[in-house]
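The chain contents come next:
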Amino acid sequence: MNSKSSFFRENIAVGFMLFALFLGAGNIIFPPQLGQMAGENILVSMIGFLITGVGLPLLGIIAVAKNGGDLEVLAGRINPYFGIIFTSIIYLSIGPFFAIPRTGAVSYSIGVAPFLSEGMQESWIPLFITTLLFFGLTFYLAYNPTKIVDRVGKILTPALLIVICLLAIKSVITPMGEIGEAQGPYINNAFGESFIQGYLTMDVLASLVFGIVIVQSLVARGVTEKARQVKITIFAGIVAAVGLAFVYVALGYIGVTSTTAIGFHDDGGKIISLAAQQLYGQAGNIILSAVIILACLTTSVGLLSANATFFHKIFPKVSYQVYLVIFALFSFGVSNFGLADLIKLSLPVLVAIYPFAIVLMIFALFGNLFNHAPSVYGMALIFTGIVAIYDGVKQAGFEVEAYDNFLSIFPFYEQGIAWVVPALAGGVIGYIMYLAKRKTKTSL
């Protein structure tokens, strides 16, 4: 009993650190919107969302930890060039393409827009000024690394949790309204739609990068034994998963009970802002806005620094500082599309690349069964791509009827995850190739 309690005390901080890494302010905007759309189907919707928003990121952390903590090394088992390309795509997705711009857009949507007149909200100028200041400060902090960001982050994560708890408790004690009817695709496909919406958290992609952060943290503490690293990482992953699940369920409940009081909105940031004002008045809105802006800032600094560090390692002729300039300017430009358009822009790309990430990490978990043979990974990903890439194209509005009819024969097509069976079939074919190759070498 003492050893168990000692293990808990020693490693709970690692779990909180991982939870803080995952809990970006962007994650706050999706569950309330899901709640509004899901209505009476909130339970099945939340299950689908939690699978991609919590369960799969947990598996991602474990998979990367079991395989040395480095995504590039893991993906490089298929092919060194694939390792670099795939890892670069992951970094760009959780970096300047989507996640970093989203921090600026969320800061405006939750932190600034609620205090503007309707006329000003329609103008491009407030968003432009907000994101200009936001990414200017992000660049400064990333250019001059300081412990203040880490310290502020350690304060902000508990603060954000407290704010969410206060909103959730008030919404239970004095509900804003009754649970309404499901809307749009949530009427007949609540699980599948929510499963796909979970992609928007980008937590599965992030988990493939965060694994190395945990491993490096443990090494710094003197934990070098791989088995112990994996054990602690699994524990930390469970702590983070429980925290994320609480946040998502709480915010989903706020969303599903808010429609009577604030109406329907396609912007999750606006939903949570209006809900905070409804529940606690203007004071609630001010506190929420301040915490969200600062949380977005620390997330943005961390992601900008991580991307600049990674690409400087891959292409060292370009300095870390130059990468910071490029990524900060690019993120600033993309963030001015606005939060709603940014989400619409990112979803087709995430629909295309998420299945690759999921398949890679799941096969990596069982890699010892096939000696991490490149043929198994490779064939599984090729077959996954046959479906996933088209799903991304279709999400963008380009549909090929004949090909779509072909894909409709696969199980889980209606749920938007028709790639599952092809991925398994590809893995089996790759395994047969691996056995045949091994048999040939043995006979020689």
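Before reading on, note that the structure itself is shown above.
Residues numbered from 1 in each chain as written. Predicted model: local features only at pLDDT ≥ 70, side-chain atom pairs only at ≥ 80, totals over all residues. Heavy atoms only, no water.

Asks: Account for the overall build of the chain, with residues named and values stated.
Replies: Along the backbone of the chain there are 19 helices and zero strands. Taken over C-alpha atoms, the radius of gyration comes to 22 Å for the chain, in line with the 22 Å a tight globule of 444 residues would show. By principal-axis analysis of the C-alpha atoms, the chain measures approximately 80 × 55 × 55 Å. Classification of the 444 residues of the chain by burial places 52% in the buried group. The long-range fraction of contacts in the chain, counting pairs at least 24 apart against all pairs at least 6 apart in sequence, stands at 81%. Carbon and sulfur atoms make up 69% of the accessible area of the chain, which totals about 19,900 Å². Across the chain, the mean location of the 22 positive side-chain charges is 21 Å away from that of the 20 negative side-chain charges. (Helix = DSSP H or I, 4+ residues; strand = E, 2+ residues; numbered from the N terminus. Rg over C-alpha atoms; globule rule 2.2 N^0.38 Å. Buried < 20%, exposed > 50% of the residue type's maximum accessible area, 1.4 Å probe, protein only. Contact = heavy atoms within 4.5 Å. Areas by Shrake-Rupley, 256 points an atom, 1.4 Å probe, with all protein chains shown as cover. Lys, Arg positive; Asp, Glu negative; His and termini not counted. Charge placed at Lys NZ, Arg CZ, Asp CG, Glu CD.)

Asks: Any chance you could break down the pattern of salt bridges for me, citing the residues and the numbers?
Replies: Applying the stated rule across the entire model yields two salt bridges. Here Glu72 makes a salt bridge to Lys313, at a shortest N to O gap of 3.3 Å. Pair noted here: Glu72 is in helix H4 (residues 71-76) and Lys313 is in helix H14 (residues 268-314), with a separation of 241 residues, a long-range link. Its salt-bridge partner being Lys394, residue Asp404 comes within 3.0 Å of it at the nearest N-O pair. Highlighted residues: Asp404 in helix H18 (residues 401-407) and Lys394 in helix H17 (residues 374-395), separated in sequence by ten residues. According to the relative accessible area criterion, Asp404 is buried, its value standing at 6%. Given the relative accessible area of 29%, Lys394 is considered partly exposed. (Salt bridge = Lys/Arg side-chain N within 4 Å of Asp/Glu carboxyl O.)

Asks: Now, about the side chain of Thr259: what can you tell me, with residues and values included?
Replies: Relative to the assigned elements, Thr259 resides in helix H13 (residues 259-262). Judged by relative accessible area, which is 14%, Thr259 ranks as buried. Setting aside its immediate chain neighbours within four residues, Thr259 contacts Gln36 and Phe264.

Asks: How would you explain the state of the cysteines if you had to name every residue and give the values?
Replies: A complete count under the given rule lists zero disulfides for this structure. Unpaired in terms of disulfides, Cys165 finds its nearest cysteine sulfur in Cys296, a separation of 19 Å. Overall, Cys165 belongs to the partly exposed group, its relative accessible area being 27%. (Disulfide = S-S within 2.5 Å.)

Asks: How would you explain the nonpolar core if you had to name every residue and give the values?
Replies: In this structure, Ile28, Phe86 and Tyr199 are the most contacted members of the largest nonpolar core, which totals 134 residues. With near-sequence residues (within four places) excluded, Phe86 lies in contact with Leu71, Ala75, Leu208, Phe356, Ala357 and Leu360. (Core = buried A, V, L, I, M, F, W, Y, C linked by side-chain atoms within 4.5 Å.)

Asks: With reference to specific residues and values, describe the packing of helix H3 (residues 42-66) against helix H16 (residues 339-365).
Replies: Working note: a packed helix pair is described by the angle between its axes plus the distance between those axes. Across the interface, H3 lies against H16 with an axial gap of 9 Å and an inter-helix angle of 55°. One way to sum up the angle between H3 and H16 is to call them oblique. Helix-helix and strand crossings are classified by hand; for H3 and H16 the assignment is left-handed. Here Leu56, Leu59, Gly60, Ile62, Ala63 and Lys66 of H3 come into contact with H16, specifically with Ile358, Met361, Ala364 and Leu365. Here the residues of the contact of H3 with H16 sort into eight nonpolar, one polar and one charged. (Axes fitted to C-alpha atoms, helices over the stretch in contact; angles between N-to-C directions. Parallel < 35°, antiparallel > 145°, perpendicular 65-115°, else oblique. Left-handed = near helix turned anticlockwise from the far one by under 90°. Nonpolar A, V, L, I, M, F, W, Y, C, P; charged D, E, K, R; others polar.)

Asks: Provide a residue-level description of the environment of Gly83, including the pertinent values.
Replies: Structurally, the position occupied by Gly83 is in helix H5 (residues 80-97). For Gly83, a relative accessible area of 0% puts it in the buried group. Along the backbone, Gly83 and Glu72 are eleven residues apart, and their C-alpha atoms lie at a distance of 4.9 Å. Once you skip the residues sitting within four places of it in the chain, Gly83 turns out to touch Glu72, Ala75 and Gly76.

Asks: Tell me about unusual backbone geometry, and name the residues and values.
Replies: Even without being a glycine, Met202 presents a positive backbone phi close to 65°. Take Met202: it is sitting in the loop between helix H10 (190-197) and helix H11 (203-220). By relative accessible area, Met202 is classed as buried at 3%. Positioned with a positive phi, His372 is a non-glycine residue whose angle comes to about 50°. Examined against the element boundaries, His372 turns out to sit in the loop between H16 and H17. Among the residues examined, His372 registers a relative accessible area of 14% and is labelled buried.

Asks: Help me get a handle on the packing of aromatic side chains, residues and values and all.
Replies: Following the criterion strictly, the structure yields 23 aromatic pairs and no others. Consider the rings of Tyr91 and Phe310, whose centres lie 4.2 Å apart with planes at 5°: the pair is stacked. Linking Tyr91 in helix H5 with Phe310 in helix H14, this pair joins segments that are 219 residues apart in sequence. Across the pair, Phe310 and Tyr91 agree in class, each one buried. On the numbers, 5.1 Å between centres and 85° between planes, the contact of Phe134 with Phe135 is edge-to-face. Of the residues examined, Phe134 reaches a relative accessible area of 7% and is grouped as buried. Positioned above the aromatic ring of Tyr280 is the side chain of Lys170, whose terminal nitrogen or guanidinium carbon lies 5.8 Å from the ring centre. (Phe/Tyr/Trp six-rings, centres within 6.5 Å; stacked < 30°, edge-to-face > 60°. Lys NZ or Arg CZ within 6 Å of the ring centre and 35° of its normal.)

None of the figures reported here should be taken as evidence of function without further support.
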